[in-house]
Amino acid sequence: MLLTITTTASPATDLGYLLYKHPDRVANFSQSFGTATVFYPRADAETCTAALLLEVDPIRLVKSRGRQSPDFSLGQYVNDRPYAASSLFAVALGKVFATARSGRCDTRPELAKTAIPLELFLPAVPCRGGVEVAHRLFAPLGWEVDARPVPLHDSFPEWGDSRYVSLRLTGTVRLADALNHLYVLLPVLDDAKHYWIDIGEVDKLVRSGGGWLAAHPARNLITRRYLGNRRGLHRVAHARLAELDESGTELDPPVEEESAPEPSDDTPDAPAPTVPLATRRHEAVLAALRDSGAARVIDLGCGSGKLLELLAADPRFTTIAGTDASTHALRLAERRLRLDRAGDRMAARINLFQGALTYHDDRFSGYDAAVLMEVIEHVDPPRLAALTSVVFGSASPATVVVTTPNVEYNRVYEMPDGALRHPDHRFEWDRAQFAHWAEETAARYGYRVDVSGVGEEDAVAGHPTQMGVFRRG
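Just so we're clear, the structure is a prediction, and the values are computed from it rather than from any experiment.

**Some remarks on helix H15 (residues 381–395)**
Step number 1: Taking 1.5 Å of rise per residue, 15 residues should cover 21 Å, and H15 covers 21 Å from first to last C-alpha, within 8% of that figure.
Step number 2: Of all the bends in H15, the greatest, near 25°, is centred on Ser-389.
Step number 3: Buried residues along H15 sit in contact with strand E8 (296–300), strand E11 (369–373), strand E12 (399–405), helix H16 (431–445), strand E13 (447–454) and strand E14 (465–472).

**Quick look at the environment of Leu-175**
Step number 1: Here Leu-175 is to be found in helix H7 (residues 175–190).
Step number 2: Judged by relative accessible area, which is 5%, Leu-175 ranks as buried.
Step number 3: For the pair Leu-175 and Ile-116, spaced 59 residues apart in the sequence, the C-alpha separation amounts to 7.3 Å.

**Observations concerning the packing of aromatic side chains**
Step number 1: The tally for this structure, following the rule as stated, stands at eleven aromatic pairs.
Step number 2: Seen in terms of ring centroids, Trp-437 and Phe-470 are 6.0 Å apart; in terms of plane orientation they differ by 80°. Their pairing is edge-to-face. Within this pair, whereas Trp-437 is found in helix H16, its partner Phe-470 is found in strand E14, the two being separated by 33 residues in sequence. Across this residue pair, the class does not change: Trp-437 and Phe-470 are buried.
Step number 3: Ring pairing ties together the aromatic residues Phe-392, Phe-427, Trp-429, Phe-434, Trp-437, Tyr-445, Tyr-447 and Phe-470, which thus form one cluster.
Step number 4: Geometry around Phe-121 places Arg-168 over its ring, the cationic atom sitting 4.1 Å from the centre.

**A few points about the pairing of strand E7 (residues 161–173)**
Step number 1: When strand E5 (residues 116–126) meets E7, the two strands line up antiparallel, connected through nine bridges. Looking across to E7, one finds that Ile-116 is bridged to Val-173.
Step number 2: One ladder, built from seven bridges, connects strand E6 (residues 144–151) with E7; its direction is antiparallel. Bridged to Arg-148 within E7 is Ser-166.

**Structural notes on the nonpolar core**
Step number 1: Membership of the largest hydrophobic core comes to 103 residues, with the highest contact counts inside it found for Phe-97, Leu-137, Phe-138, Trp-143, Leu-167 and Leu-189.
Step number 2: Here this core takes ten residues from H7, the largest share from any one element.
Step number 3: Ranked by size, the runner-up nonpolar core spans 29 residues in total, among them Leu-357, Leu-372, Val-375 and Phe-427.

What counts and how
Residues numbered from 1 in each chain as written. Predicted model: local features only at pLDDT ≥ 70, side-chain atom pairs only at ≥ 80, totals over all residues. Heavy atoms only, no water. Helix = DSSP H or I, 4+ residues; strand = E, 2+ residues; numbered from the N terminus. Expected span 1.5 Å × (residues − 1). Bend = angle between axes of the 7 residues up to and from the residue. Contact = heavy atoms within 4.5 Å. Buried < 20%, exposed > 50% of the residue type's maximum accessible area, 1.4 Å probe, protein only. Phe/Tyr/Trp six-rings, centres within 6.5 Å; stacked < 30°, edge-to-face > 60°. Lys NZ or Arg CZ within 6 Å of the ring centre and 35° of its normal. Pairing = 2+ DSSP bridges. Core = buried A, V, L, I, M, F, W, Y, C linked by side-chain atoms within 4.5 Å.

This is how it looks when you write it as structure tokens:
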């Protein structure tokens, strides 16, 4: 299977820096199922093309199967997978271009953040559903899609088309985003994976598609196919993507009827909920801040700045600050708030800075209200006491708003026992645990607290999000 990546960004040979592969060399990468080769058919200042060629060794593929892997009988000897194994190609692409997919380029950091003209070409890729599915998957991501069916035989047109398409994608996209689009969507096009699918596939999907999948109009199709149409894993992906929040969009709610048939690929994606959980959470936090009368607000653990954007749109909040341990998150927040183009008044009103919530910092003080929205569950339990001391003791704002997942609600998402909604969560509390922590913290630092829920309530599990509003005095 072959992929070519072409750019005309000047100088075009900078593509080699982004891919971490030198244009003057041919590089071979041994995989458990074959060999991946990277080479450059053309590399000059005007145009640079990098090619990734995967040759699958069927014998090595069979020998690498674990004892617990399913037995496909003769399928391991007689099939078309040596010539078009999309999921294996995605695995090779993920490993060979791992640094490029992460968006890191030490020698050209600004270029790695910049959208550049790209053309991706796969001369033959299996696509269940044909050219229509290819357009449905890639066009919403900003690609100009040229997908053409590959005939079964050039000399016998009456035989019709094969299940393969020739796919050419053209657009101005960050290289990291382009590679992640392929990494996720190539197996989706094929609708078949050639290795064991387990909960780890959800982590891969969330990491690679978290920035765009939640808002994709074909998100249900993508999630179903990527996870092998396994309903339980689809529910876990639904929950984890909902935790990303930044798009304000969630996947469709779980299907209640266990016996309901799996939807076909021709079934239209159901519309997203009218009021997604992320939106309800932001509305609940904003309502609590407005009710408190706060004018100066700090978002502790602001992430990419969605709440800050909402605060900035309300003139009653005269001073707004956001802090996060991640410099990358702060750059995203700055971009979301358009601070580089903001006027002097807006620039003076908003302050972003890096900080750790488990250490005393004078910059956290002087605000009427502080927000910890989906933050505490990312802190190791032994460090949680330090965070509460810093926020409620040292900073001591008049109002603190805290939200965190309700682990009891995970059963509604049909998540496995012990599974958390996000890989970075260190813990998730049930309602009794959160209420105990909230009341103990309020008593220790001189606050009173009201605990409530946010989101669609389940009769047994409660709300998906729990919220505590602490008021000093």
